Amino acid sequence: MRLVVDLNKCQGYAQCAFLAPDVFAMHGEEALIYNPRAQQEQRERLARAVAACPVQAITADGLDGTGVDAASGQEASDGH
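Read on for an overview of the structure. Just so we're clear, the structure is a prediction, and the values are computed from it rather than from any experiment.

The next point concerns the pattern of salt bridges. Per the stated rule, a full pass over the model turns up two salt bridges. Between aspartate 61 and arginine 2 there is a salt bridge whose closest N-O contact spans 4.0 Å. Taken together, the residues span a long stretch of sequence, with aspartate 61 in strand β4 (residues 58-61) and arginine 2 in strand β1 (residues 2-5) at a distance of 59 residues. A salt bridge links arginine 48 to glutamate 44, with the nearest nitrogen and oxygen atoms 2.4 Å apart. A residue pair is termed a helical-turn pair when its members lie 3 or 4 positions apart in one helix, as arginine 48 and glutamate 44 do in helix α2 (residues 43-52) at four residues.

Here it is, written out as structure tokens:
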């Protein structure tokens, strides 16, 4: 599963870090750090974290097995 966080959109609300602490963490007051290659065991927590992001900054490719961004319902892209 591949995660991408748009750090320009991220406002540091930390909902993702609260819901999926094994994947997301706050470094200081506003800087988010995360594992872009989350384990499948984290799928349920990641789905909650993606949905909870107030600015929809998180894209999770492979979260539901279809390659669709769980927040927007649009097909995820890897830039190729």
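Sheet topology note: the strand β2 (residues 24-27)/strand β3 (residues 31-34) ladder contains four bridges and is antiparallel. Residue pairing for β3: methionine 26 is matched across the bridge by leucine 32. As consecutive antiparallel partners, β2 and β3 are separated by three residues, and within that stretch glycine 28 has a phi angle of approximately 80°, a positive value.

Ranked by size, the top nonpolar core spans 18 residues in total, and within it Leu3, Val23, Phe24, Leu46 and Ile58 carry the most contacts. Elements with a minimum of two residues in this core: β1, α1 (15-19), α2 and β4. Element by element, the count of residues in this core is highest for α2, at three residues.

What counts, and where the lines are drawn
- Starting afresh in each chain, residues are numbered from 1 along the sequence in its written order.
- Since the coordinates come from a predicted model, pLDDT governs what is reported: local features require at least 70, and pairs of side-chain atoms require 80 or more to be given and counted, while whole-chain, interface and lining totals use all residues.
- Calculation of side-chain values draws on the structure's entire complement of heavy atoms; hydrogens and water are dropped beforehand.
- Within this document, salt bridges are pairs made up of a side-chain nitrogen of Lys or Arg and a carboxyl oxygen of Asp or Glu, the two lying within 4 Å of each other.
- Runs of E in the DSSP output that reach at least two residues are strands. Runs of H or I that reach at least four are helices, and both are numbered from the N terminus.
- Note: two strands are recorded as paired if DSSP finds a minimum of 2 bridges between them.
- Buried residues of nine kinds, namely Ala, Val, Leu, Ile, Met, Phe, Trp, Tyr and Cys, make up a nonpolar core once their side-chain atoms join them within 4.5 Å.
- Between buried and exposed lies partly exposed: a residue is buried under 20% and exposed over 50% of the maximum accessible area for its type, with that area taken using a 1.4 Å probe on protein chains only.

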